[in-house]
Amino acid sequence: MVNPQMVMYEEEFNQIQTVVDHLVKSANARSVFIVDKNGQLIAASGDVEHLDTTSLASLTAGNIAATGGMAKLLKENEFATQFHEGERANVYIMLVGNRVILVVIFDAKSSLGLVRLRVKKASEELNHIFENLLKKVAEPGGESPFAEITDEDIDNLFND
Amino acid sequence: MSFINLMAREINCKIVYYGPGLCGKTTNLQYIYERTNPEAKGKMISLATETDRTLFFDFLPLALGEIRGFKTRFYLYTVPGQVFYDASRKLILKGVDGVVFVADSQIARMEANQESLENLRTNLAEQGYSLDKLPYVIQYNKRDMPDIGSVEELRELLNPTNVPEFEACARTGVGVFDTLKAVAKLVLTELKRGGP
Ligand SMILES: Nc1nc2c(ncn2[C@@H]2O[C@H](COP(=O)(O)OP(=O)(O)OP(=O)(O)O)[C@@H](O)[C@H]2O)c(=O)[nH]1
Ligand SMILES: [Mg+2]
């Protein structure tokens, strides 16, 4: 398949959400996101209501892509983590299993040391979940949920 | 790579606008942004130089509506067209589901169009994609300018495989939504087939 689809199932989605919810608490973070390398938001937790999560996801992915490109030029494997320190908010970004990106936003209530420590465990759990998910997606018989849509369905989307 | 979230009942697809410098890629996205209902769009992000040339990418998330209970979202990206930003172009192409090639109709830009199209093919091939297998449409932009090539000429040079083509003036919006709809439709049709 030229263009493999990424499919998120209920089971894995719930597992990911649990890890993310837990990380917000254990790291004293403001919010935590999981973004795929193409910039799509997979999960979010914490104080996210006032955040433009879609934009953040796309910029994070662009950022990781750019540093990944730099790493390649320097014959480095990958710069797995990044830290940006602001006046009020800090951002810790980690590439998990070279597949998804974990973003932790935290303030003075937490510290880089604590975030690092908690992220380590969370990233191991996430890695495991995504490994299973990818196996599931690659299984034969994984019918596209879109196999049944008709040309009419598609046309209707554009009739406004 | 489309992303289907069965839990949130969402489907997300990535469309990339490609083409030579100043052909009007960013202008396409700006027009779409201006003419889309607030509830159907997110913020448009432009990572640009001080002279408004795209430096890394433009990004515009659009919600098109629902198909069989699935929210369909299209993430539109433009690449920087200037030749020396090739490393960035490669990054933006990752995970692409559909491509719009925006050509500049001006005769003086014909070589730039051809080079950019060649560059698109090369960069896709590096990632194991083939332009001939991707949902792909072409837009002949700047039809309002003097000294432009005829559509026949442009087709012969840039569209030998006869993919859907559209004449446009992105500044006034002519042809912009026709182009977007055509590529979005191809992407959804591909999704329905579940890939080759
Ligand atoms: N006359 C005319 N001008 C256009 C048209 N489309 C875009 N322009 C103008 O062309 C210039 C370049 O447009 P952009 O959209 O920034 O070009 P781009 O392809 O994004 O360029 P890069 O970011 O460098 O790759 C701007 O001044 C636009 O207003 C058109 O259809 N007709
Ligand atoms: Mg641009």
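In case you missed it, the structure is sitting above this.
Residues numbered from 1 in each chain as written. Chains lettered and ligands numbered in written order. Predicted model: local features only at pLDDT ≥ 70, side-chain atom pairs only at ≥ 80, totals over all residues. Heavy atoms only, no water.

## Topic: helix H2 (residues 53-73) of chain A
All names here are of chain A.
- Taking 1.5 Å per residue as the helical rise, H2 with its 21 residues ought to reach 30 Å, and the 30 Å between its terminal C-alpha atoms agrees with that figure.
- Three or more residues of H2 are buried, namely Thr 53, Ser 55, Ala 57, Ser 58, Thr 60, Ala 61, Gly 62, Ile 64, Thr 67, Gly 68 and Ala 71.
- Directly beyond the C-terminal end of H2, a positive phi value near 55 degrees is found at Lys 75. (Helix = DSSP H or I, 4+ residues; strand = E, 2+ residues; numbered from the N terminus. Expected span 1.5 Å × (residues − 1). Buried < 20%, exposed > 50% of the residue type's maximum accessible area, 1.4 Å probe, protein only.)

## Notes on the coordination of the magnesium ion (ligand 2)
Residue and element names in this part refer to chain B.
- Surrounding the magnesium ion (ligand 2) are the protein donor atoms Thr 26 (OG1) and Thr 54 (OG1), which sit 2.0 Å from the metal. Of this pair, Thr 26 sits in helix H1 (residues 25-34) while Thr 54 sits in strand E4 (residues 54-67), and the two are 28 residues apart along the sequence. Considered together, Thr 26 and Thr 54 belong to a single accessibility category, that of buried residues. (Donors = N, O, S within 2.8 Å, 3.2 Å for Na, K, Ca; no water.)

## Some words on the interface of chain B and chain A
- Listed per partner, the contact involves 44 residues of chain B and 38 residues of chain A.
- For the pair chain B and chain A, the two sides together bury roughly 4,000 Å², of which 66% comes from carbon and sulfur.
- The largest contributions to the chain B side of the interface with chain A come from Met 1, Phe 3 and Lys 192 of chain B, which together make up 18% of the buried area.
- Connecting chain B to chain A are two salt bridges. (Contact = heavy atoms within 4.5 Å. Buried area = accessible area lost by both parts, 1.4 Å probe. Salt bridge = Lys/Arg side-chain N within 4 Å of Asp/Glu carboxyl O.)

## Structural notes on unusual backbone geometry
- In this structure, Lys 75 of chain A is a non-glycine residue whose phi angle is positive, near 55 degrees.
- Note on placement: Lys 75 of chain A falls in the loop between H2 and strand E4 (81-85).
- Taking relative accessible area as the criterion, Lys 75 of chain A reaches 76% and is therefore assigned exposed.
- One non-glycine residue with positive phi stands out, namely Asn 162 of chain B, at about 55 degrees.
- Residue placement: Asn 162 of chain B occurs in the loop between helix H4 (151-158) and strand E8 (165-167).
- For Asn 162 of chain B, a relative accessible area of 57% corresponds to the exposed category.

## With respect to the packing of helix H1 (residues 10-26) of chain A against helix H3 (residues 112-138) of chain A
Residues and elements named next belong to chain A.
- Between H1 and H3, whose axes approach to 10 Å, the crossing angle comes to 180 degrees. Considering the angle they form, H1 stands roughly antiparallel to H3. Seen from H1, the contacting residues are Glu 11, Glu 12, Gln 15, Ile 16, Val 19, Leu 23 and Ser 26; seen from H3, they are Leu 114, Arg 118, Val 119, Ala 122, Glu 125, Leu 126, Ile 129, Phe 130, Leu 133 and Lys 136. (Axes fitted to C-alpha atoms, helices over the stretch in contact; angles between N-to-C directions. Parallel < 35°, antiparallel > 145°, perpendicular 65-115°, else oblique.)

## Topic: the pairing of strand E5 (residues 90-96) of chain A
Residues and elements named next belong to chain A.
- Buried residues dominate E5, accounting for six of its seven residues.
- Judged from the five bridges that link them, E4 and E5 form a sheet pairing that is antiparallel. In the sheet register, Gln 82 faces E5, and the bridge partner there is Ile 93.
- In this antiparallel pair of consecutive strands, E4 and E5, the connection spans four residues.
- With seven bridges connecting them, E5 and strand E6 (residues 100-106) associate as antiparallel partners. Bridging from a neighbouring strand, Ile 93 pairs with Val 103 of E6. (Pairing = 2+ DSSP bridges.)

## Brief notes about the pattern of salt bridges
- The tally for this structure, following the rule as stated, stands at 14 salt bridges over all chains.
- Among the salt bridges present, the one from Asp 153 of chain A reaches Arg 68 of chain B, with a minimum N-O distance of 2.9 Å. Here Arg 68 of chain B lies in the loop between E4 and strand E5 (70-78) and Asp 153 of chain A lies in helix H4 (residues 151-157), a pairing that spans two chains.
- When its relative accessible area of 47% is taken as the criterion, Arg 68 of chain B is described as partly exposed.
- Between Lys 90 of chain B and Glu 126 of chain B there is a salt bridge, and its shortest N-O distance comes to 3.3 Å. Taken together, the positions of Lys 90 of chain B in helix H2 (residues 86-93) and Glu 126 of chain B in helix H3 (residues 110-126) put the pair 36 residues apart, joining distant regions of the chain.
- A relative accessible area of 25% places Lys 90 of chain B in the partly exposed class.
- Look at the salt bridges and you will find they share partners, linking Glu 11, Glu 12 and Lys 136 of chain A into a network.

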